[in-house]
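Residue-level listing of the chains:
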Amino acid sequence: NWFATLMVQPDFMPRLDYSKGLPEYVRTLVAVPTLFSTTSELDQLLETMEVRYLANKQDHLHFALLTDFRDAPVEELPDDKHLLAYAEKRIGDLNAKYDHEKEDIFFLLHRPRKWNPTDQIWMGYERKRGKLGNLNAVLRGYGQDRFQLIVGDQSVLEKVKYVITLDADTLLPREAAWKIIAVLAHPL
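The structure presented is a predicted model; accordingly, all values stated were derived computationally and were not measured.

1. Structural notes on the overall build of the chain
So, point 1. The helix and strand inventory of the chain stands at six helices and seven strands.
So, point 2. N-terminal to C-terminal, the α/β element order of the chain is α-β-α-β-α-β-β-β-α-β-α-β-α.
So, point 3. In terms of overall size, the chain behaves like a compact globule, its C-alpha atoms giving a radius of gyration of 18 Å where 188 residues would be expected to give roughly 16 Å.
So, point 4. Its C-alpha atoms put the chain at 55 × 50 × 30 Å along the principal axes.
So, point 5. Looking at the chain residue by residue over its 188 residues, the buried ones come to 43%.
So, point 6. Considering only residue pairs separated by 6 or more positions, the chain has 77% of its internal contacts joining residues 24 or more positions apart.

As structure tokens, this is what we get:
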């Protein structure tokens with residue numbers, strides 16, 4: 001890798017100019033696959049998602065948490081229903097706070113635990129890769145049954161063209177989203 005950086009000079013990638021706003025045909029979802037097991041963990045995830053939104057406020061740009069509960073010896077723990085109700089309320093509160101009058105900005109897609117015979121534990125199927133695969137199914141108009149709870153207007157999700165995937169601790173700097181989308185949408 002070090003040698004490659006010496007031999008190949010960096011070059012700018014062509015991109016479109018979306019500095020004035022994203023057109024509807026490049027609708028994009030910023031998705032964060034993650035785990036949570038307490039309300040404080042969820043609060044932290046939602047605060048980070050809100051910060052990403054505030055740094056990248058654009059029409060046709062949406063933000064989603066793709067969540068699983070942590071692994072457990074049983075399919076459902078006593079606090080699970082309370083946590084899901086809390087998550088649904090908090091996402092609803094965020095959408096109300098930044099009401100666009102047109103469409104939801106924030107989403108939560110939560111999967112149930114599945115039995116993993118290899119590890120002998122209940123867990124989210126294939127962890128991050130599984131969440132992203134399930135999200136792609138929902139974006140294509142099927143696969144809603146793979147999620148235990150989807151919060152937000154699902155009709156918006158079916159119009160998404162691009163997905164920017166971030167880890168829970170990854171920042172999305174100011175105006176970075178439209179610049180990434182501008183490169184993705186460029187014909188070259």
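2. Focus: the pairing of strand 1 (residues 28-36)
So, point 1. Within strand 1, eight of the nine residues are buried, which leaves it mostly tucked inside the rest of the structure.
So, point 2. Pairing between strand 1 and strand 2 (residues 61-69): nine bridges, direction parallel. Bridging from a neighbouring strand, alanine 31 pairs with alanine 64 of strand 2.
So, point 3. As for the winding sense of the linkage, the β-α-β connection from strand 1 through helix 2 (residues 39-55) to strand 2 is right-handed.

3. Some remarks on the pattern of salt bridges
So, point 1. Applying the stated criterion across every chain, the model contains 13 salt bridges.
So, point 2. Between aspartate 93 and lysine 89 there is a salt bridge, and its shortest N-O distance comes to 2.8 Å. With a gap of four residues between them, aspartate 93 and lysine 89 both fall in helix 3 (residues 80-97), about one helical turn apart.
So, point 3. We classify aspartate 93 as partly exposed; its relative accessible area is 36%.
So, point 4. What you see here is one network of salt bridges that share partners, running through Glu24, Arg27 and Glu103.

4. Focus: helix 2
So, point 1. Taking 1.5 Å per residue as the helical rise, helix 2 with its 17 residues ought to reach 24 Å, and the 24 Å between its terminal C-alpha atoms agrees with that figure.
So, point 2. Regarding helix 2, the residues found buried are Leu42, Leu45, Leu46, Thr48, Met49, Glu50, Arg52 and Tyr53.
So, point 3. Close packing links the buried residues of helix 2 with strand 1, strand 2, helix 3 and strand 3 (106-110).

5. Describing the sheet that holds strand 7 (residues 162-165)
So, point 1. Ordered in space as 6-3-2-1-7, the five strands form an open sheet in which the pairing is mixed. Strands at the two margins of the open sheet, each flanked by one partner only, are strand 6 (149-151) and strand 7. Each strand of the sheet is rotated relative to its neighbour by a mean of 20°, with strand direction disregarded.
So, point 2. Pairing geometry for strand 2 and strand 3, over five bridges, is parallel. When the sheet's bridge partners are listed, phenylalanine 63 is paired in strand 3 with phenylalanine 106.
So, point 3. Its contacts with the sheet place helix 2 against strand 1, strand 2 and strand 3, and it is angled at close to 160° to strand 2.
So, point 4. Against the sheet, helix 6 (residues 176-185) engages strand 1, strand 2 and strand 7, with an angle of about 130° to strand 7.

6. Some words on the packing of helix 2 against helix 3
So, point 1. Running from amino to carboxyl end, helix 2 crosses helix 3 at an angle of 20°, the nearest separation of the two axes being 11 Å. The pairing of helix 2 with helix 3 is recorded here as roughly parallel in orientation. For the crossing formed where helix 2 meets helix 3, the hand is right-handed. Counting all contacts with helix 2, which are made through Thr39, Leu42, Asp43, Leu46, Met49 and Glu50, the residues of helix 3 involved are His82, Leu83, Tyr86, Ala87, Arg90, Ile91, Leu94 and Lys97.
So, point 2. Along the lines of polarity and charge, the residues of the contact of helix 2 with helix 3 split into eight nonpolar, two polar and four charged.

7. With respect to the side chain of histidine 186
So, point 1. Along the chain, histidine 186 falls in the segment after helix 6.
So, point 2. Residue histidine 186 is classed as buried on the basis of its relative accessible area, which comes to 19%.
So, point 3. One polar contact links the side chain of histidine 186 to the main-chain amide nitrogen of leucine 188, over a distance of 3.0 Å.
So, point 4. Sequence-distant contacts of histidine 186, defined by excluding residues within four places in its chain, comprise Pro14, Arg15 and Leu16.

The rules we used
- Residues numbered from 1 in each chain as written.
- Predicted model: local features only at pLDDT ≥ 70, side-chain atom pairs only at ≥ 80, totals over all residues.
- Heavy atoms only, no water.
- Helix = DSSP H or I, 4+ residues; strand = E, 2+ residues; numbered from the N terminus.
- Rg over C-alpha atoms; globule rule 2.2 N^0.38 Å.
- Buried < 20%, exposed > 50% of the residue type's maximum accessible area, 1.4 Å probe, protein only.
- Contact = heavy atoms within 4.5 Å.
- Pairing = 2+ DSSP bridges.
- Right-handed = clockwise from strand over helix to strand, strands pointing away.
- Salt bridge = Lys/Arg side-chain N within 4 Å of Asp/Glu carboxyl O.
- Expected span 1.5 Å × (residues − 1).
- Axes fitted to C-alpha atoms, helices over the stretch in contact; angles between N-to-C directions.
- Parallel < 35°, antiparallel > 145°, perpendicular 65-115°, else oblique.
- Left-handed = near helix turned anticlockwise from the far one by under 90°.
- Nonpolar A, V, L, I, M, F, W, Y, C, P; charged D, E, K, R; others polar.
- Polar contact = N/O pair within 3.5 Å; in protein donor to acceptor, adjacent residues only side chain to side chain.

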